[in-house]
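# Structure at a glance
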Amino acid sequence: MTAIPAHHADTVARLRREVCALHAELIRWNLVTWTSGNISARVPGADLMVIKPSGVTYDDLTPESMVVCDLHGTPVEGAHAPSSDTDAHAYVYRAMPEVGAVVHTHSTYATAWAARGEPIPCAITAMADEFGADIPVGPFALIGGDDIGKGIAATLAGHRSPAVLMRGHGVFTIGRDAKAAVKAAVMCEDVARTVHLAREHGPVDRLPQHHIDALYDRYQNVYGQRGPRQEEGADS
Ligand SMILES: O=C(CO)[C@@H](O)[C@H](O)COP(=O)(O)O
């Protein structure tokens, strides 16, 4: 195995802790069953990523059990075999330099949309906020190799949505960091459930595009705590 350059050691140690800890969020938000989801994060400035080991139960995950791989999916540091979706994550990092993290789940409602091969229409404000569009469907691809990654990148490149429903499989989300990608997976399941429930009682209309655009812009650029006053701790 190739050694990790010394100047990346602290970052890798931090990402081992972060990626490990965030798997607890997949359980907390009921997005995974047994070992069926995974998180990875890119090591900034290096052609490396930190990813969950394959088939290890979430209770048994530790920072040390995370696997460092290069961006072709080859393990570089770690005692475990990496996630079965390692090649998919690696392809996304190679194809989408702006992506800092990838998350995969089989969360129930979103995966039901994936099983139907149907995009989730952007019908509620929470969806316009986070996704800015319908949540798209990517192609079916077998696990292992580059095909899942190719489908994710081809579907999400130039798309506002940080989530894709891979046909007949489940959800992949991307983010600038692991917390953002996990948040997108949580929100994806939430809106998948809401729009599904709404459709049980009748047709659901997509929001008008100008409302989607306005909501997306506000949430992405105005919502929450921003700017120097908040950073200095001002409260009024
Ligand atoms: O999608 C799949 C299998 O359908 C995989 O993502 C596994 O469900 C999780 O695999 P590991 O990350 O534990 O290898």
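Residues numbered from 1 in each chain as written. Predicted model: local features only at pLDDT ≥ 70, side-chain atom pairs only at ≥ 80, totals over all residues. Heavy atoms only, no water.

According to UniProt, the positions carrying the feature "domain: Class II aldolase/adducin N-terminal" (unreviewed entry) are residues 17-196. Regarding residues 17-196, the helix share stands at 37% and the strand share at 19%, and the terminal C-alpha atoms are separated by 35 Å. (UniProt positions renumbered as here; feature names shortened; annotations may be inferred. Helix = DSSP H or I, 4+ residues; strand = E, 2+ residues; numbered from the N terminus.)

So, about the sheet that holds strand β7 (residues 163-166). Strand order in the open sheet formed by eight strands is β4-β3-β2-β1-β5-β8-β7-β6, and the pairing between neighbours is mixed. Bordering the open sheet on either side are β4 (75-77) and β6 (137-138), each of which pairs with just one other strand. With four bridges joining them, strand β1 (residues 38-43) and strand β2 (residues 48-51) adopt antiparallel strand pairing. Looking at the pairing, R42 lines up with M49 of β2. Relative to the sheet, helix α1 (residues 9-28) contacts β1, β2, β3 (67-70), β4 and β5 (101-105), its axis offset from that of β1 by approximately 155°. (Pairing = 2+ DSSP bridges. Contact = heavy atoms within 4.5 Å. Axes fitted to C-alpha atoms, helices over the stretch in contact; angles between N-to-C directions.)

For the rest of this paragraph, the subject is the packing of helix α2 (residues 86-95) against helix α5 (residues 147-156). One way to put it is that α2 packs onto α5 with a least axis distance of 7 Å and a crossing angle of 40°. On the basis of the axis angle, α2 is oblique to α5. Between α2 and α5 lies a crossing of right-handed hand. Of the residues in α5, those touching α2 at A88, Y91, V92 and A95 are I148, G149, K150, I152 and A153. Its residues assigned to classes, the contact of α2 with α5 comprises seven nonpolar, one polar and one charged. (Parallel < 35°, antiparallel > 145°, perpendicular 65-115°, else oblique. Left-handed = near helix turned anticlockwise from the far one by under 90°. Nonpolar A, V, L, I, M, F, W, Y, C, P; charged D, E, K, R; others polar.)

In this structure the tally under the stated criterion is one aromatic pair. Sitting over the face of the ring of W113, R116 holds its NZ or CZ atom 4.6 Å from the ring centroid. (Phe/Tyr/Trp six-rings, centres within 6.5 Å; stacked < 30°, edge-to-face > 60°. Lys NZ or Arg CZ within 6 Å of the ring centre and 35° of its normal.)

Before going further, it helps to examine helix α7 (residues 209-221). With 13 residues, α7 should cover 18 Å at 1.5 Å per step; its first-to-last C-alpha distance of 18 Å lies within 8% of that length. Where α7 is concerned, the buried positions are I212, Y216 and Y219. Down the axis of α7, the buried side of the element spans an arc of 75°, and every buried residue falls inside it. In this structure, the buried side of α7 is in contact with α4 (125-131) and α6 (178-199). (Expected span 1.5 Å × (residues − 1). Buried < 20%, exposed > 50% of the residue type's maximum accessible area, 1.4 Å probe, protein only. Arc of directions from axis to C-beta.)

Turning our attention to the pattern of salt bridges. Following the criterion strictly, the structure yields ten salt bridges and no others. Residue E18 pairs with R14 through a salt bridge whose shortest N-O separation is 2.9 Å. You can see E18 and its partner R14 sitting in helix α1, four residues apart, about one turn around the helix. We classify R14 as partly exposed; its relative accessible area is 33%. For the salt bridge of K183 with E130, the shortest nitrogen-to-oxygen distance reads 3.4 Å. A residue pair is termed long-range when its members are at least 10 positions apart, and K183 in helix α6 and E130 in helix α4 qualify at 53 residues. Judged by relative accessible area, E130 falls into the buried class, the value being 8%. Linked through salt bridges whose partners overlap, the residues forming this network are R116, E118 and R199. (Salt bridge = Lys/Arg side-chain N within 4 Å of Asp/Glu carboxyl O.)

Next up on the list: the nonpolar core. Soluble, globular proteins show a tendency: their nonpolar side chains are buried together. Among the nonpolar cores identified, the biggest contains 49 residues, and I39 and I152 are the most heavily contacted of them. Among the elements that make up this core, the one with the highest residue count is α1 (six residues). What I39 contacts, discounting residues up to four positions off in sequence, is V19, L22, H23, L26, V50, I51, K52, H89, V102, V103, A178 and V182. Of all hydrophobic cores here, the second largest spans 20 residues; its members include W113, A128, F131 and V195. (Core = buried A, V, L, I, M, F, W, Y, C linked by side-chain atoms within 4.5 Å.)

This paragraph deals with the site of the ligand. Close contacts around the ligand come from 13 residues, with K52, S54, S83, S84 and D85 the closest. Between the ligand and D85, the relevant distance is 2.3 Å, taken from an oxygen atom to a side-chain nitrogen or oxygen of the residue. If the ligand stood free it would expose 370 Å²; the protein chains cover 84% of that surface. Classifying every residue of the shell around the ligand gives one nonpolar, ten polar and two charged. (Near = heavy atom within 4 Å. Polar contact = N/O pair within 3.5 Å; in protein donor to acceptor, adjacent residues only side chain to side chain. Areas by Shrake-Rupley, 256 points an atom, 1.4 Å probe, with all protein chains shown as cover.)

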